[in-house]
Amino acid sequence: MLKIENLHATVAGKPILNGLTLTIPTGEIHAIMGPNGAGKSTLAYVLGGRPGYEVTEGSVTFDGQDLFALEPHERAAAGMFLGFQYPVEIPGVSYLQFLREALNSQRRSKGEKDLTGGEFIRLSKDKAALLGMDAEMLKRPVNVGFSGGEKKRAEMVQLGIMDPKVAILDETDSGLDIDALKAVGHGINSIMRDPKKSVLLITHYQRLLDYVTPDRVHVLSRGQIVRSGGPELAHELEREGYAEAAA
Ligand code: ADP
Ligand code: MG
Ligand code: MG
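Just so it is clear, the model here is predicted, and its values are computed rather than measured.

## Let's talk about the overall build of the protein chain
Link 1 in the chain: Along the backbone of the protein chain there are 7 helices and 12 strands.
Link 2 in the chain: Here the protein chain has a C-alpha radius of gyration of 18 Å; the compact-globule value for 247 residues is 18 Å, and the two agree.
Link 3 in the chain: Structurally, the protein chain occupies a C-alpha span of about 55 × 40 × 35 Å along its principal axes.
Link 4 in the chain: Looking at the protein chain as a whole, 47% of its 247 residues are labelled buried.
Link 5 in the chain: Taking all contacts inside the protein chain whose residues are at least 6 apart in sequence as the whole, residues at least 24 apart take part in 69%.
Link 6 in the chain: Accessible area for the protein chain stands at about 11,300 Å²; split by element, carbon and sulfur atoms hold 49% of it.
Link 7 in the chain: Positive and negative side-chain charges of the protein chain, numbering 28 and 32 respectively, have mean locations separated by a distance of 4 Å.

This is the structure in structure tokens:
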């Protein structure tokens, strides 16, 4: 599904990714863990095509296509979802309006018709219910005044509505209390644990992995994958720290 080979990238002329190689097969959830500054968010931004993140070497294949030949909106239309650590606030636009526009613009680029208002409301209510979330929250402006937990619950509804082939979630667990963490774990499992989908879960701490069991865990250090293992590797990192594990 996602094949990253010898990826090198710079930010502001500074090399951050230094030959990162990683394959996430269809149907698998992989976690990337690593110390602050390792390049985890940079990887997510590079995959999303954020301006200022320059790929200097290597390749990424997404669902058989050259990812870097696709514009960011084409990556989304092809089924890539990115969740960032610091979600944007959009005053004046309700979460429902935002989700409806995101979904319909994706449908249009696939040659599909827009959902009607009624169809969209039904879909968003279904997804919110599946996640045990109060759909009323989605009438508020996007993320404005949302708690950390509310932002992430809303993002899970977004994930359910967009129904991507691959989700790349950057520190989706940071700052969450246990209830929100469980809700996010439940969201990822119910939406993305699927033989046709894949997930790249970027996390600094092991705790989210108590709720979403990854198939593989990778350690990112100085812009490279330095170790890979099963779910037990996350526990080892939690116990012994990154310096030990990367040695
Ligand atoms: P992580 O998510 O693993 O904590 P990041 O990908 O955010 O790491 O950052 C990796 C490195 O890139 C850090 O040394 C950081 O200071 C640097 N970096 C990130 N963004 C920029 C930027 N816009 N300009 C300069 N350096 C940056
Ligand atoms: Mg960081
Ligand atoms: Mg980061």
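Picking up where we left off.
## Considerations on the sheet that holds strand β6 (residues 80-83)
Link 1 in the chain: Read across the sheet, 6 strands follow the order β6-β9-β10-β3-β11-β12 without closing on themselves; strand pairing throughout is mixed. Looking at strand neighbours, the two that pair on one side only are β6 and β12 (224-229), the edges of this open sheet. Each strand of the sheet is rotated relative to its neighbour by a mean of 20°, with strand direction disregarded.
Link 2 in the chain: Across 5 bridges, the pairing between strand β3 (residues 29-33) and strand β10 (residues 198-203) is parallel. Bridged to M33 within β10 is T203.
Link 3 in the chain: Against the sheet, helix α1 (residues 40-48) makes contact with β3, β6, β9 (166-170), β10 and β11 (216-221), and its axis sits at roughly 145° relative to β10, the strand it touches most.
Link 4 in the chain: Sitting on the sheet, helix α5 (residues 148-162) touches β6 and β9, and the angle it makes with β6 is about 175°.

## Points about the packing of aromatic side chains
Link 1 in the chain: Counting across every chain of the model gives 4 aromatic pairs.
Link 2 in the chain: Here the aromatic cluster, defined as three or more aromatic residues joined through ring pairs, consists of Y45, Y53 and F84.
Link 3 in the chain: Above the ring of Y45, the side-chain terminus of R50 is found at 3.9 Å from the ring centroid.

## Topic: the site of ligand 1
Link 1 in the chain: Neighbouring ligand 1 are V11, K14, I16, P35, N36, G37, A38, G39, K40, S41, T42 and Y53.
Link 2 in the chain: Residue G37 places a main-chain N or O atom 2.7 Å away from an oxygen atom belonging to ligand 1.
Link 3 in the chain: Interatomic distance of 3.0 Å between a backbone N/O atom of G39 and an oxygen atom of ligand 1.
Link 4 in the chain: Protein chains bury 63% of the 560 Å² of accessible surface belonging to ligand 1 in isolation.
Link 5 in the chain: Ranked by residue count, the leading element in the shell around ligand 1 is α1, at 3 residues.
Link 6 in the chain: For the shell around ligand 1, the class distribution of residues is 5 nonpolar, 5 polar and 2 charged.

## Some words on the packing of helix α4 (residues 117-130) against α5
Link 1 in the chain: It is at 9 Å that the axes of α4 and α5 come closest, and there the two elements cross at 125°. By the criterion of interaxial angle, the relationship of α4 to α5 is oblique. As for how α4 packs across α5, the hand of that crossing is right-handed. From α4, F120, L123, S124, K127 and A128 reach across to α5, where they touch V157, G160 and I161.
Link 2 in the chain: Residue composition of the contact of α4 with α5, by class: 5 nonpolar, 2 polar and 1 charged.

The rules we used
- Residues numbered from 1 in each chain as written.
- Chains lettered and ligands numbered in written order.
- Predicted model: local features only at pLDDT ≥ 70, side-chain atom pairs only at ≥ 80, totals over all residues.
- Heavy atoms only, no water.
- Helix = DSSP H or I, 4+ residues; strand = E, 2+ residues; numbered from the N terminus.
- Rg over C-alpha atoms; globule rule 2.2 N^0.38 Å.
- Buried < 20%, exposed > 50% of the residue type's maximum accessible area, 1.4 Å probe, protein only.
- Contact = heavy atoms within 4.5 Å.
- Areas by Shrake-Rupley, 256 points an atom, 1.4 Å probe, with all protein chains shown as cover.
- Lys, Arg positive; Asp, Glu negative; His and termini not counted.
- Charge placed at Lys NZ, Arg CZ, Asp CG, Glu CD.
- Pairing = 2+ DSSP bridges.
- Axes fitted to C-alpha atoms, helices over the stretch in contact; angles between N-to-C directions.
- Phe/Tyr/Trp six-rings, centres within 6.5 Å; stacked < 30°, edge-to-face > 60°.
- Lys NZ or Arg CZ within 6 Å of the ring centre and 35° of its normal.
- Near = heavy atom within 4 Å.
- Polar contact = N/O pair within 3.5 Å; in protein donor to acceptor, adjacent residues only side chain to side chain.
- Nonpolar A, V, L, I, M, F, W, Y, C, P; charged D, E, K, R; others polar.
- Parallel < 35°, antiparallel > 145°, perpendicular 65-115°, else oblique.
- Left-handed = near helix turned anticlockwise from the far one by under 90°.

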